[in-house]
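Coordinate inspection notes
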8 protein chains.
Amino acid sequence: VTLADGKDIRLDQDRERRIGIAEAVLCAGKSVDQIARIIDQDTAPRRLFTRLDTSQHAALPEAARARLAYDPLSRTAVLGTLQPPLPPTRIAIVAAGTSDLPVVAEIERTLAFHGQAATPFLDCGVAGLWRLLEQRAAIAAHPVVIAVAGMEGALFSVLGGLVGGLLIAVPASVGYGVAAGGRAALQAGLASCAPGVVVVNIDNGYGAACAALRALHVAALPG
Amino acid sequence: VTLADGKDIRLDQDRERRIGIAEAVLCAGKSVDQIARIIDQDTAPRRLFTRLDTSQHAALPEAARARLAYDPLSRTAVLGTLQPPLPPTRIAIVAAGTSDLPVVAEIERTLAFHGQAATPFLDCGVAGLWRLLEQRAAIAAHPVVIAVAGMEGALFSVLGGLVGGLLIAVPASVGYGVAAGGRAALQAGLASCAPGVVVVNIDNGYGAACAALRALHVAALPG
Amino acid sequence: VTLADGKDIRLDQDRERRIGIAEAVLCAGKSVDQIARIIDQDTAPRRLFTRLDTSQHAALPEAARARLAYDPLSRTAVLGTLQPPLPPTRIAIVAAGTSDLPVVAEIERTLAFHGQAATPFLDCGVAGLWRLLEQRAAIAAHPVVIAVAGMEGALFSVLGGLVGGLLIAVPASVGYGVAAGGRAALQAGLASCAPGVVVVNIDNGYGAACAALRALHVAALPG
Amino acid sequence: VTLADGKDIRLDQDRERRIGIAEAVLCAGKSVDQIARIIDQDTAPRRLFTRLDTSQHAALPEAARARLAYDPLSRTAVLGTLQPPLPPTRIAIVAAGTSDLPVVAEIERTLAFHGQAATPFLDCGVAGLWRLLEQRAAIAAHPVVIAVAGMEGALFSVLGGLVGGLLIAVPASVGYGVAAGGRAALQAGLASCAPGVVVVNIDNGYGAACAALRALHVAALPG
Amino acid sequence: VTLADGKDIRLDQDRERRIGIAEAVLCAGKSVDQIARIIDQDTAPRRLFTRLDTSQHAALPEAARARLAYDPLSRTAVLGTLQPPLPPTRIAIVAAGTSDLPVVAEIERTLAFHGQAATPFLDCGVAGLWRLLEQRAAIAAHPVVIAVAGMEGALFSVLGGLVGGLLIAVPASVGYGVAAGGRAALQAGLASCAPGVVVVNIDNGYGAACAALRALHVAALPG
Amino acid sequence: VTLADGKDIRLDQDRERRIGIAEAVLCAGKSVDQIARIIDQDTAPRRLFTRLDTSQHAALPEAARARLAYDPLSRTAVLGTLQPPLPPTRIAIVAAGTSDLPVVAEIERTLAFHGQAATPFLDCGVAGLWRLLEQRAAIAAHPVVIAVAGMEGALFSVLGGLVGGLLIAVPASVGYGVAAGGRAALQAGLASCAPGVVVVNIDNGYGAACAALRALHVAALPG
Amino acid sequence: VTLADGKDIRLDQDRERRIGIAEAVLCAGKSVDQIARIIDQDTAPRRLFTRLDTSQHAALPEAARARLAYDPLSRTAVLGTLQPPLPPTRIAIVAAGTSDLPVVAEIERTLAFHGQAATPFLDCGVAGLWRLLEQRAAIAAHPVVIAVAGMEGALFSVLGGLVGGLLIAVPASVGYGVAAGGRAALQAGLASCAPGVVVVNIDNGYGAACAALRALHVAALPG
Amino acid sequence: VTLADGKDIRLDQDRERRIGIAEAVLCAGKSVDQIARIIDQDTAPRRLFTRLDTSQHAALPEAARARLAYDPLSRTAVLGTLQPPLPPTRIAIVAAGTSDLPVVAEIERTLAFHGQAATPFLDCGVAGLWRLLEQRAAIAAHPVVIAVAGMEGALFSVLGGLVGGLLIAVPASVGYGVAAGGRAALQAGLASCAPGVVVVNIDNGYGAACAALRALHVAALPG
């Protein structure tokens, strides 16, 4: 399967201009050979790669790997330079437990790639409600809050009643039985009794970060 | 379809002796004629009827209806006498919102039929957490807590981290979209991050009350 | 089921102070009697009622009905006064077809209740893409875009690649077969290939409006 | 992802005081590195680890492994000392078949960690009903009965008609086809025709044990 | 939509010759007009109509209704004569509760149409196991046993361990929540731990009766 | 919800030019008022309305109804003139049973609206295979075959092995239990062991007819 | 987890006497150690083991393996002797394709263990209908027919219209997409338009064979 | 499991004559030994093998492998010769992203096996709509268009409004969370708001190619 120009990759190089977010490359489901070709053919100065697991990364050609800044926890890689984000920090990331850290890290790295810092609030699961309540004011000071939770996802509704900014729920594929794959947490976000909670796909830390970036555009856009 | 003795009903008259809970008659799915025949053929002094909706009740023969103490909110009827339960009150019923009241009422009536009182705590949905927290001590003073919630069912996990007695979650068929039919709340109870939450079927107030009765046997039984 | 003070309703009167959005009353699943009691017991100057269908509204006591400003298309009612929202208009509502109008109307009324105006863009289904493309610039000028679509929900992804502000997808229960109940559109929003699309529950126009209000807080909040 | 104090773990050290059950660490879905850090940072004298599979356990650092009492069948480990529980034995564990033993063992270890003994009744599947009936009196002598079954989970309803104490159903992920993953057994517990059966998540032996502990609080609590 | 010969019905008049069971007319989903045309155009001496509900039956033209022997409980009608079946009775029908009677009646009528008698055993739900056990020998004396149960369908497995003849499970759409529509009972039959239980579609009393007829062919066929 | 020009309907008047099929109006889910406004505002000479049920049709204003040619079996209406289609007949419609006739009629009317005739082959369910086999040659003479079947949808695979033209499967919502809503037939079409069977949504006779029209374009288009 | 007598296995040694079928050991989900202990503790002269995959078998202790007659295609093993079954052959096994052979083999071995022969009819998928039709008479000569099919399972309905004996459908987990795991074929069997088709769980060759054995009891039993 | 003639494979050698498409061998779910036997026993001059993954291919006997032309991307192999297809090219293949290439390749190879060429249009995902729009005329020039997309499958509806030929949607198992396994894309194709889109099973490139071949028969067949 090849195109007339000998390439088989056509990235949406215009996306950043249109919507303020550059196309990222989702590596899950792609072969190592395809990822290497993308690195090779890409003409943009910087690119974010998501869901690049350690075995895919290890199998990349030496030359390709050398051009990537790779982080195994978040499974992200950056082609080109990644500057530490500058203040102010307008985004909080609240997570229910340790198992949610890969998603938290994907959010952090995606935001950092776009120049935004974030404050993490970890181990805030509602079974020990005091952990969340004692940080309530610090969380609510951020205009955008991203919440990450698996299992029953009760964190989304509790937070929704406590903070007034945009609240983005990321269901995590944490749990077993009826929670397997993150479905219960997904439904918890969608069915939340707290008004105005919004939801992204299961484990979609990248999408939650992009939604936060969009929300920050609200302040910047005319209106 | 008739049996040799001309009857077509064989209630489990021995159940109360075996397990301490008499068989109740679930009226949903039964015809008015069948319910009337059960009232007619039953030989026990008292019987609880559940899910008897107002149209079924209204269609019963005059004589049958006269023998029943009917409550439309809980959709329960009692054949024979119903004594007001005496203290002590060892069971709390915590509900998320107004739409959960039919389930709350079914729990109350089932407990009352078996001589147990209960204390209701209403409108404790987690989107307004203060309503639950300000009653936390009063709830936790009951050794058995029954929680009723629809939508995302976050109440179950929040309560599970606050009370040490038996916590029985009753998912309610309250909500729409992914919450329709009570499925999201059911999964929330099962996937709860709080330890030891137990769950009954959607809208099964009768079952939750029976589980509470079983738990009260724990104190009474040898061991 | 009554509480000690003779009331059985405890609205979250503090919510507006905490998160900037007052509690609304979801009428679906409540009896006419319960709704009337809420109207009677409520102590707040203004209240939004959602999912109040025409038969429920018609069955309310005369006095209660007289206090409500009711709109049958959106199935919302306002207790107290509803001022027409003032400019600027920072929210666009893009809908795929005529069947989505009840959801569009619920969004408009919820926003108006909170003082926000919105611009509707109707009949923008992607099967006739020109209808969307010819209004692209006008839509993108709004910092918040709410998209309403049933069936396969392709509108969400197409819009997601065209606008840079916050994009809130509302799946509508429009369609039959695999689209019945809005499930296909819900999945389309969650699985969107466009970055940063966020989703609310099926037919949840109220929730989408609240999320838009939260996003407008982003500009107002410190950060 | 690190917090200000250099730690990334915040266990709910207060939980045992609040509800009588200490937080356990669910190892499924956690990396070996995360588990090792929890062992390292934990300040409590004793801790239960669940779902620690043999490969995770083997990959832990020597020092961490030395501090754990590990049991491969139940996949649990105890940090600190585990005293053999003392009589009386108030909990029966009834299992349908050999494949349910890992769940049975998780229940036993969780109870033992909290000082409670339990009596196992194995291979009580209803296809050979005599095996259950001949032990009926012995089982019913326990005020709390935990039943473990996969496949169609008929055991739950049969037991529910025979014992009067609290009956906790644990669906096991035993079986294939429609039984795969334990869904059929889960539904059997929830839809049981026996009154007052309560259910926990699939394979959730830990949760069933915690529910039994809560039920034993019923006798201890005022009321 | 009409065919060349002016008819629009082509019944499988050859079926009884081929497989020993005549085609029946499933009335659910057919209009009254279509049912009337079938009665009019049918050339066979006898025909069984199933799922003919009382409102459809009442709306049929006088002439058509006069030719049918209608039974409202089973929702079946017979065109032509229906002889009472003669002994021996080789089929037992075991039902869990009163709500299953419409399915039991459909089985009885279908068998009677084909000349086979059946013995009903009612109210044999496993929550009161003694009711089943005291009739065990009488049931097991029939070479074919049809079991009808809704809710969790535990009856199928218990019977499967007690009788040696062919056991046909009919899940009934009895119950609510996870049991709604008969799905839980269906899975119970399929996942049964008892060997060799076979299952038909939910509420398919007609199909279960036909399967019993096929089984009776086993004795009659060469082999 | 109104637009600047006072209209709220924007039909895709350009569609027929682009793809050879005019936009049809799906009436399911639209209010009578909305349908009447569409009839009023539409500027095209002809329009097809689908899923217009008899109660909607009866409730339309007299003037609107007078402009429509309505057919209750197919639930379609035509605004403007409907010419009988001329030969040749290149499309066969094969249906499994009487209950499929509404879908068959929708296909016929949609094709006729676009000038195409079709030949119906009714009552071809595979349980009486001779009915299909005796018409096999007549069916296979049509370059496009549309098959309509509910229940288990076995017709699709059997036909797929017998005809060489395009085979379009339309699952019908005929049946109960696991077949309810047409899901089993849908899966049968998608999972067919016959090569190259294509499928449309459940009950989507309109879509199947449009696909047939697209296929007839194959002969007409260059290539 | 051990019992008082030091054993942890209690097989249903009485089952063959009760229902004519001995308990078999399902090895899926059991550890190698558990299987070895069963072989060691079993007191019966003969035992059938199912779902014993090649890696489990290879890992058994030498002594245990020496006592088993193992067949890798069917994944069955026999402890004790397996006599070749004698005529007459009353059971036909009809399979749709090569991928169904493991299920066919499990049926054959289970029947052989119980002394019954069977005739296989392979590659009878309905996409090439002639293969089935040319063997129709040979198949129909068997009073019991077991059909094995994955994908869309159309074979069940076609056969159901051609043979008059008992027809047992075994859905096979063959296929991908909507057919994955055998769900589509399962629904095809349950929703079959042919009268009296009965179904067992997906891939349950053992269960289908047991059902055939039960059916053969019909001829032998009084009645 | 062997047949009388010592073979166990009966391919449908007559299929090409009947419907113009030869039987292909689906290797997924078949053992290496079975595939080798098919290669050995097949009597046709040419045969297409699909879903032959690299590990299966590598494990085939040397002699068998030597007779196959294998392509790892499409996982197809050809027994016998494969001629490059000749113009004209009447089929376009439009794909949303790089992850869809294996499906694209399976389509290409299946078409080539049957002598048909195809033009690929890659990376046409709707999030960057310009990539699709700039090739719109080139795509629409093909009378048959096959679209491949995973995630939310919005491509199907957008294309459906732009091209007038037959449009075949192939959902791809690309994505995670609610998109996992291709279900969301499948529903998008079926629920499409564009008229006449037809759908095949998830990842079924082979089936889509066969449907295209059937459509090309439309031009060739009488009518």
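Computed from a prediction, not measured in an experiment: that's the story for all the values here.

**Some points on the overall build of chain A**
Within chain A one finds ten helices and nine strands. Scaling as 2.2 N^0.38, a compact globule of 223 residues should have a C-alpha radius of gyration of about 17 Å, and chain A matches this with 18 Å. By its C-alpha atoms, chain A is 55 × 45 × 30 Å across when sized along the principal axes. The buried share of chain A, taken over its 223 residues, is 66%.

**Some details on the arrangement of the chains**
For chain A and chain G, which are not in contact, the least C-alpha distance works out to 16 Å. With respect to C-alpha atoms, chain D approaches chain H no nearer than 16 Å, and the pair has no contact.

**A short note on the interface of chain F and chain G**
Listed as interface residues are 21 residues of chain F and, on the opposing side, 21 residues of chain G. Of the roughly 1,800 Å² buried between chain F and chain G, counting both surfaces, carbon and sulfur atoms make up 75%. Three residues stand out in chain F for area buried against chain G, namely F:Ala127, F:Glu152 and F:Gln187, and they jointly supply 28% of the buried area on that side. The interface formed by chain F and chain G holds zero salt bridges in total. Where the side of chain F that touches chain G is concerned, the elements lending two or more residues are helix H6 (129-133), helix H8 (154-160) and helix H9 (183-190) of chain F. With five residues, H9(F) is the single largest residue contributor to the side of chain F that touches chain G. For the side of chain F that touches chain G, the per-class residue count stands at 15 nonpolar, four polar and two charged.

**A word on helix H9 (residues 183-190) of chain H**
For H9(H), a buried count of seven out of eight residues is recorded, marking the element as mostly surrounded by other parts of the structure. Considered for burial, the residues of H9(H) that qualify are H:Ala184, H:Ala185, H:Leu186, H:Gln187, H:Ala188, H:Gly189 and H:Leu190.

**Some points on the interface of chain C and chain A**
Between chain C and chain A, the contact holds 42 residues from the first and 43 residues from the second. For the pair chain C and chain A, the two sides together bury roughly 3,400 Å², of which 60% comes from carbon and sulfur. Considering only the side of chain C, the residues that lose the most area to chain A are C:Leu190, C:Pro195 and C:Arg214, jointly responsible for 21% of the buried surface there. At the boundary of chain C with chain A, the tally comes to zero salt bridges. Our enumeration of links across chain C and chain A arrives at 13 residue pairs in polar contact (both at pLDDT 80 or more). Residue assignment for the side of chain C that touches chain A shows that the elements contributing at least two residues are helix H1 (15-19), strand E5 (86-95), strand E8 (166-171), helix H9 (183-190), strand E9 (198-199) and helix H10 (205-220) of chain C.

**Quick notes on the relation of the copies chain F and chain G**
For the match of chain F to chain G, the screw axis carries a shift of 0.0 Å, the RMSD comes to 0.0 Å, and the turn is 180°. Expressed as a symmetry operation, the mapping of one chain copy onto the other fits a two-fold axis. For chain F, the residue whose C-alpha comes nearest the rotation axis is F:Ala154, separated from it by 2.2 Å. Taken as a fraction of all interface residues of chain F, those also at the interface in chain G reach 100%, which identifies the copy contact as same-surface.

**Brief notes about the packing of aromatic side chains**
As enumerated under the stated definition, the model contains zero aromatic pairs over all chains in all. For the cation-ring pair, A:Arg51 lies above H:Tyr176, with the distance from its terminal atom to the ring centre recorded as 3.9 Å. Over the ring of E:Phe113 we find E:Arg46, and its NZ or CZ is 4.1 Å from the ring centre.

**Overview of the packing of H9(C) against H9(H)**
Orientation of H9(C) relative to H9(H), taken along the N-to-C sense of each, is 125°, at an axis distance of 9 Å. The pairing of H9(C) with H9(H) is recorded here as oblique in orientation. H9(H) is crossed by H9(C), and the crossing has left-handed handedness. Across the interface between the two elements, C:Arg183, C:Ala184 and C:Gln187 of H9(C) pack against H:Arg183, H:Ala184 and H:Gln187 of H9(H).

**Focus on the relation of the copies chain C and chain A**
For the pair chain C and chain A, the superposition axis carries a translation of 0.0 Å, the fit reaches an RMSD of 0.0 Å, and the rotation angle comes to 180°. Mapped onto chain A, 100% of the interface residues of chain C are again interface residues, and the two copies thus contact each other with one and the same surface.

**Description of the environment of B:Gln116**
Residue and element names in this part refer to chain B. Looking at where Gln116 falls in the secondary structure, it is placed in strand E6 (residues 116-121). Separated by 97 residues in the primary sequence, Gln116 and Leu213 place their C-alpha atoms 8.2 Å from one another. If we ignore the near neighbours within four places in the chain, the residues touching Gln116 are Pro85, Arg90, Ile91, Leu111, Leu213 and Leu216.

**Section: the confidence of the model for chain A**
The pLDDT averaged across chain A works out to 94; a share of 95% of its residues lies at or above 70. Here the prediction assigns the complex a pTM of 0.96, and the interface score ipTM is 0.95.

**Some thoughts on the pairing of E6(B)**
Residue and element names in this part refer to chain B. In terms of burial, E6 is a largely internal element, five of the six residues being buried. The pairing of strand E5 (residues 86-95) with E6 spans five bridges and is classified as parallel. Among the inter-strand pairings, Ile93 is bridged to a residue of E6, identified as Pro120. Since E5 and E6 lie parallel, the crossover through helix H5 (residues 101-113) that links them has a hand, and here it is right-handed.

**Points about the pairing of strand E7 (residues 144-149) of chain F**
Residue and element names in this part refer to chain F. Buried residues dominate E7, accounting for six of its six residues. Every second residue of E7 is oriented toward a common face, with Val144, Ile146 and Val148 on one face and Val145, Ala147 and Ala149 on the other, all of them buried. Alignment of strand E5 (residues 86-95) against E7, held across five bridges, turns out to be parallel. Considered in E7, the bridge of Val94 is made with Ala147.

**Description of unusual backbone geometry**
Residue C:Pro88 is reached from C:Pro87 by a cis peptide bond, and omega for that bond is 5°. Assignment of secondary structure puts C:Pro88 in strand E5. Even without being a glycine, A:Met151 presents a positive backbone phi close to 45°. Relative to the assigned elements, A:Met151 resides in the loop between strand E7 (144-149) and helix H8 (154-160). The phi dihedral of F:Asp203 falls on the positive side, at around 65°, and the residue is not glycine. Secondary-structure assignment places F:Asp203 in the loop between strand E9 (198-199) and helix H10 (205-220). By relative accessible area, F:Asp203 is classed as buried at 17%.

Each value, and the rule that gives it
Residues numbered from 1 in each chain as written. Chains lettered and ligands numbered in written order. Predicted model: local features only at pLDDT ≥ 70, side-chain atom pairs only at ≥ 80, totals over all residues. Heavy atoms only, no water. Helix = DSSP H or I, 4+ residues; strand = E, 2+ residues; numbered from the N terminus. Rg over C-alpha atoms; globule rule 2.2 N^0.38 Å. Buried < 20%, exposed > 50% of the residue type's maximum accessible area, 1.4 Å probe, protein only. Contact = heavy atoms within 4.5 Å. Buried area = accessible area lost by both parts, 1.4 Å probe. Salt bridge = Lys/Arg side-chain N within 4 Å of Asp/Glu carboxyl O. Nonpolar A, V, L, I, M, F, W, Y, C, P; charged D, E, K, R; others polar. Polar contact = N/O pair within 3.5 Å; in protein donor to acceptor, adjacent residues only side chain to side chain. Least-squares fit on C-alpha atoms with pLDDT ≥ 70 in both. Phe/Tyr/Trp six-rings, centres within 6.5 Å; stacked < 30°, edge-to-face > 60°. Lys NZ or Arg CZ within 6 Å of the ring centre and 35° of its normal. Axes fitted to C-alpha atoms, helices over the stretch in contact; angles between N-to-C directions. Parallel < 35°, antiparallel > 145°, perpendicular 65-115°, else oblique. Left-handed = near helix turned anticlockwise from the far one by under 90°. pLDDT = per-residue confidence, 0-100. Pairing = 2+ DSSP bridges. Right-handed = clockwise from strand over helix to strand, strands pointing away.

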